[in-house]
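# Examining the three-dimensional arrangement
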Amino acid sequence: MDETTDGPRHGHLLIVGGSEDRQHDMRVLTRFVELCGGVEQPVAVMTAASEIGDQVFEMYRVAFAELGVTHMTHVHLDSPKEAASEKLLSRIREAKGIFMAGGDQKRLLEMIGGTPVHAEIATAFARGACIAGTSAGASAMSRFMLAEGKAELEPEKGAIRLGVGLGFVERIVVDQHFAQRKRLPRLLSIIAERPDLYGVGIDEDTALLISPGIGIEVIGGGAVTLVDGLNMISNIDELDTGDVPRLIDVRLHLLPTGTRFDAAADESTRVPPPFQDFFDALIQPEQREPS
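Residues numbered from 1 in each chain as written. Predicted model: local features only at pLDDT ≥ 70, side-chain atom pairs only at ≥ 80, totals over all residues. Heavy atoms only, no water.

## Structural notes on the overall build of the protein
Within the protein, the regular secondary structure consists of eight helices and 16 strands. With the principal axes as the frame, the protein shows a C-alpha extent of 55 × 45 × 35 Å. Considering the protein as a whole, with its 291 residues, one finds that 56% of them fall into the buried category. Sequence separation of 24 or more characterises 73% of the internal contacts of the protein that already satisfy a separation of 6 or more. Put simply, the protein has 28 plus and 44 minus side-chain charges, and the middle of one group is 3 Å from the middle of the other. (Helix = DSSP H or I, 4+ residues; strand = E, 2+ residues; numbered from the N terminus. Buried < 20%, exposed > 50% of the residue type's maximum accessible area, 1.4 Å probe, protein only. Contact = heavy atoms within 4.5 Å. Lys, Arg positive; Asp, Glu negative; His and termini not counted. Charge placed at Lys NZ, Arg CZ, Asp CG, Glu CD.)

## Focus: the sheet that holds strand β3 (residues 72-75)
Spatial ordering of the open sheet is given by β3-β2-β4-β5-β1-β10-β11-β16, a layout of eight strands whose pairing is mixed. Either end of the sheet is taken by a strand with one partner, and the two such strands are β3 and β16 (260-262). Neighbouring strand axes in the sheet, compared pairwise and without regard to direction, differ in orientation by 20° on average. Relative to strand β5 (residues 130-134), strand β1 (residues 12-16) runs parallel, the two being bridged by five bridges. Along β5, the bridge assignment pairs L14 with A132. Helix α2 (residues 53-66) rests against β2 (43-46), β3, β4 (97-100) and β5 of the sheet, and its axis sits at about 160° to β3. Helix-sheet contacts for helix α3 (residues 86-94) involve β2, β3 and β4, and the interaxial angle to β3 is about 135°. (Pairing = 2+ DSSP bridges. Axes fitted to C-alpha atoms, helices over the stretch in contact; angles between N-to-C directions.)

## Describing the packing of aromatic side chains
Using the criterion set out here, one finds nine aromatic pairs in the structure. Between Y60 and F99 the ring centres are 4.9 Å apart and the planes differ by 45°, which places this aromatic pair in the tilted class. You can see Y60 sitting in helix α2 and its partner F99 sitting in strand β4, a full 39 residues away along the chain. The class of Y60 is buried, set by a relative accessible area of 3%. According to the relative accessible area criterion, F99 is buried, its value standing at 0%. Where Y198 meets F278, the ring centres are 4.4 Å apart and the plane angle is 35°; that geometry is what we call tilted. One end of the pair, Y198, is in strand β9 (residues 198-202); the other, F278, is in helix α8 (residues 276-283), with 80 residues separating them in the sequence. Each member of the pair, Y198 as well as F278, is classed as buried. In this structure an aromatic cluster arises from ring pairing among F32, Y60, F64 and F99. (Phe/Tyr/Trp six-rings, centres within 6.5 Å; stacked < 30°, edge-to-face > 60°.)

## Points about the environment of M72
Turning to its location among the elements, M72 is positioned in strand β3. Distance in space between the C-alpha atoms of M72 and L187 is 35 Å, their sequence separation being 115 residues. With sequence-adjacent residues up to four places away left out, M72 is seen in contact with V43, Y60, R61, F64 and A65.

## Brief notes about the packing of α3 against helix α5 (residues 116-127)
In a pair of packed helices, the angle between the axes and the distance between the axes together describe the arrangement. In the contact formed by α3 and α5, the axes pass within 9 Å of each other and the chain directions differ by 15°. By the criterion of interaxial angle, the relationship of α3 to α5 is roughly parallel. Once α3 is placed against α5, the crossing between them reads as right-handed. Listed contacts from α5 to L89, I92, R93 and E94 of α3 are P116, V117, E120, I121 and R127. (Parallel < 35°, antiparallel > 145°, perpendicular 65-115°, else oblique. Left-handed = near helix turned anticlockwise from the far one by under 90°.)

## With respect to a nonpolar patch on the surface
The grouping of L184, L252 and L254 at the surface amounts to a nonpolar patch, some 270 Å² of accessible area in total. Here L254 shows up in strand β15 (residues 251-256). Residue L254 is classed as exposed on the basis of its relative accessible area of 54%. (Patch = residues over 30% accessible without salt bridge, like charges linked within 9 Å, V, L, I, M, F, W, Y side chains within 5 Å. Areas by Shrake-Rupley, 256 points an atom, 1.4 Å probe, with all protein chains shown as cover. Salt bridge = Lys/Arg side-chain N within 4 Å of Asp/Glu carboxyl O.)

## Concerning the nonpolar core
Of all hydrophobic cores here, the largest spans 54 residues; its most connected members are M46, I112, I131, V200, I216 and F275. If near-sequence neighbours (up to four positions away) are discounted, I112 is found in contact with M46, A48, L77, V117, H118, I121 and L166. F32, L35, C130 and A132 belong to the second-largest nonpolar core, a separate cluster that totals 25 residues. (Core = buried A, V, L, I, M, F, W, Y, C linked by side-chain atoms within 4.5 Å.)

## Things to note about the pattern of salt bridges
Counted under the stated rule, the structure contains 17 salt bridges. Note that K150 is salt-bridged to E152, the shortest N-O span being 3.3 Å. There is no split in this pair, since K150 and E152 are both exposed. Note that R183 is salt-bridged to D175, the shortest N-O span being 3.5 Å. For D175, a relative accessible area of 1% gives the class buried.

Take a look at the structure:
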């Protein structure tokens, strides 16, 4: 996906389904380093989603060092009050890539949502940095995130609660560890009640790369499942909480690793018409300041 000589208006979003390979070929992490500009560029690893930040950072420090990264910094918060720390803000400001590790997306938003750290990440993205999130960090990327709930066998009304995410993508909701934890019913539960949103399920060791205004690509060892209920016919409004809704005309797209679509593309990467609206929703950058 080529960019203009003037540089991108935004950077890249690398949304990772969790459990990415950190010991062998490390395809997802390797691509993150490339998107940051190479091994000599500074990388910030954010562990605010976890209560064991030092352990999580050490795991990624070893992996990125194995890839040759020479400048890594750790960004961790145990209180939202720390989000005004100039020491942490300067680490984000200097980074060409910010990698948000896993844990609990609610904790991540509690620590940084609407804070100077959140605003600094948004600024980094706007100037061209790569913003990556894995597992909880992936769920938090969009304006709306999956906050809690589960639907194990089939979709259920009221099974899932959405919260406010970081807002780097507006119209999608992300679920991770998707195939491995059989989360299609959970994603369908969301789309049943919020057909205005598009569902994105990302497998482990797999990433959806979104380059705003440019295109998308699937990287790693699995697939990305996309659920479109925009034209769905449903009886959800007639049901009680816990009931299984009738969902007719839900579109499901499966994008295996290696899939790539560009906005300005040749025949091999042109967006199929049935996928155009979903594609447009993915590559539109955020339009508002962090709130």
